[in-house]
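Structure at a glance
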There are 2 protein chains.
Amino acid sequence: MGRPKSFDEDAVLDRAIEQFWATGYHAVSVRDLEASTGVLKGSLYAAFGDKRALFIAALLRYASQSADQIRELLAHGETPRDGLEHYLRVRGRDCTGPHRTRGCLLANTAAEVAPHDAEIRAVVGQSFEKLADALVPAIRAAQAQRLINRRHEAKELAAHLVVLVQGMSVVGKTEPDSSLIRSSLRFALTLLNPD
Amino acid sequence: MGRPKSFDEDAVLDRAIEQFWATGYHAVSVRDLEASTGVLKGSLYAAFGDKRALFIAALLRYASQSADQIRELLAHGETPRDGLEHYLRVRGRDCTGPHRTRGCLLANTAAEVAPHDAEIRAVVGQSFEKLADALVPAIRAAQAQRLINRRHEAKELAAHLVVLVQGMSVVGKTEPDSSLIRSSLRFALTLLNPD
DNA sequence: CCATTACTTGAACGCTCGTCCAAAAATCAC
DNA sequence: GTGATTTTTGGACGAGCGTTCAAGTAATGG
């Protein structure tokens, strides 16, 4: 009982994700969040605690959505190799072009906030590791079917791709035409070629 | 004539680099800079303009120092391949371990500030491109001597390594032990193997 | 229909931010 | 020594920050 909530918390988190993603943690004010979510600050404080707690909630939601999307992208196509290629191409597309300068919220947060906040650092670090863990079985499967290069350890290739994708999301924020991203993506795709 | 400056501008910029590097642009206040440089804010404003201008001056200095260091690292060892390997190993070491969470100021700036400031974006973007341009001749030379893999375009490998290194500096900020960095570095070194 | 409960509302708080500027201090030219 | 010139100094300013909270509002239980 009591007065019912006038907003959906997940919808608010989605708007908060957008805002933090586009603008960064420090550069977003609680009043900005008020404006973009349509929820007055008092209610935001009642629902989430404070700015940092709201950010962490948004970050966890983003990480979870991101993990779902990886599984989806890797399942694309007929073979495990298709999935890997699709994943890389989509990630490349996400950070190419003049209007794709948001990069990845996890990478942005790693750069801006992680060193100064152990809890946030743990969230981001675990997300990176989960991403690598999701790539490993796809790589192993593709190797088993001899669809990609077998010279490399699956774990090492997975780590390499995780680091590369985060690098693309950072470098992509500085280059509207993104020749570096494109070249680096082309190179990465050759890593998937069979022996 | 007139009262002489009581501080060296480059020394102030070096302290500012440290501060922005460790803490980020928005999270550093002019009073922090006052404390870390030992120069009162009025003098900072007189010498550099405002916080943003001081940041840009520091960023340009960092970029220039960084470019010098790349040339130095690539010149290490007996062969062009040694230089490339040394460059990657040092960059890996720079962002591995619990006390190396500053990453790279260019990457941090790309993530936090670049999307919202065209001038800063241009500085960072050009630095990335210059870095790639510095790698290309080393790669070509190593290929010509058949010291590394010749299957790949030098430009694409260079772009790949630039993006990878920026990725390492970002991912490294979240992992005190940095297994992802280590794996990805090991993988990158295999890319330098001869055919 | 009233007490209870939960959420909303927006004014207010103390603080810190980036920036400015008048006065004091240090140098040089003459 | 004196005036011109430049830098230093640190107090002050308005704006905006994250946060709090008392009052108002909408639902429920009896």
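The structure presented is a predicted model; accordingly, all values stated were derived computationally and were not measured.

The next point concerns the interface of chain A and chain B. The extent of an interface is frequently quoted as the accessible surface area lost upon association of the parts. Each side of the interface is counted separately: chain A has 45 residues, and chain B has 45 residues. Contact between chain A and chain B buries roughly 3900 Å² in total, counting both sides, with carbon and sulfur atoms accounting for 71%. Considering only the surface of chain A that becomes buried against chain B, A:His160, A:Val163 and A:Phe187 emerge as the three largest contributors, covering 17% of it. At the boundary of chain A and chain B, one finds 2 salt bridges. B:Glu156 is the salt-bridge partner of A:Arg186, the closest N and O atoms lying 2.5 Å from each other. Looking at the side of chain A that touches chain B, the elements with two or more residues in it are helix H1 (9-23), helix H6 (105-112), helix H7 (118-144), helix H8 (154-171) and helix H9 (179-191) of chain A. Looking at which element gives the most residues to the side of chain A that touches chain B, the answer is H8(A), with 12 residues. Taken together, the residues of the side of chain A that touches chain B break down into 22 nonpolar, 15 polar and 8 charged.

Of all 8 residues making up helix H6 (residues 105-112) of chain B, 8 are buried, and the element is well covered by its neighbours. Among all positions of H6(B), only B:Leu105, B:Leu106, B:Ala107, B:Asn108, B:Thr109, B:Ala110, B:Ala111 and B:Glu112 are buried. As for H6(B), its buried residues are in contact with H6 and H8 of chain A together with helix H1 (9-23), helix H4 (51-74), helix H7 (118-144) and helix H8 (154-171) of chain B.

A word on the relation of the copies chain A and chain B. Least-squares fitting of chain A to chain B yields an RMSD of 0.0 Å, with the superposition described by an axial translation of 0.0 Å and a rotation of 180°. When the rotation and shift are considered jointly, the pair of chain copies conforms to a two-fold rotation axis. The C-alpha atom lying nearest the rotation axis in chain A is that of A:Gly167; the distance is 1.7 Å. The residues that chain A uses at the interface reappear at the interface of chain B in 100% of cases, marking a shared surface.

As a matter of local geometry, DNA strand D sits amid 25 residues, with A:Val30, A:Arg31, A:Tyr45, A:Lys51 and B:Lys41 nearest to it. A:Val28 places a main-chain nitrogen or oxygen 3.4 Å from a phosphate oxygen of DNA strand D. Within the side chain of B:Ser43, one N or O atom sits 3.2 Å away from a phosphate oxygen of DNA strand D. Secondary-structure elements contributing two or more residues to the surface near DNA strand D are helix H2 (30-37) and helix H3 (41-48) of chain A together with helix H3 (41-48) of chain B. A class-by-class count of the residues in the surface near DNA strand D yields 9 nonpolar, 7 polar and 9 charged.

Thresholds applied
- Residues numbered from 1 in each chain as written.
- Chains lettered and ligands numbered in written order.
- Predicted model: local features only at pLDDT ≥ 70, side-chain atom pairs only at ≥ 80, totals over all residues.
- Heavy atoms only, no water.
- Contact = heavy atoms within 4.5 Å.
- Buried area = accessible area lost by both parts, 1.4 Å probe.
- Salt bridge = Lys/Arg side-chain N within 4 Å of Asp/Glu carboxyl O.
- Helix = DSSP H or I, 4+ residues; strand = E, 2+ residues; numbered from the N terminus.
- Nonpolar A, V, L, I, M, F, W, Y, C, P; charged D, E, K, R; others polar.
- Buried < 20%, exposed > 50% of the residue type's maximum accessible area, 1.4 Å probe, protein only.
- Least-squares fit on C-alpha atoms with pLDDT ≥ 70 in both.
- Near = heavy atom within 4 Å.
- Polar contact = N/O pair within 3.5 Å; in protein donor to acceptor, adjacent residues only side chain to side chain.

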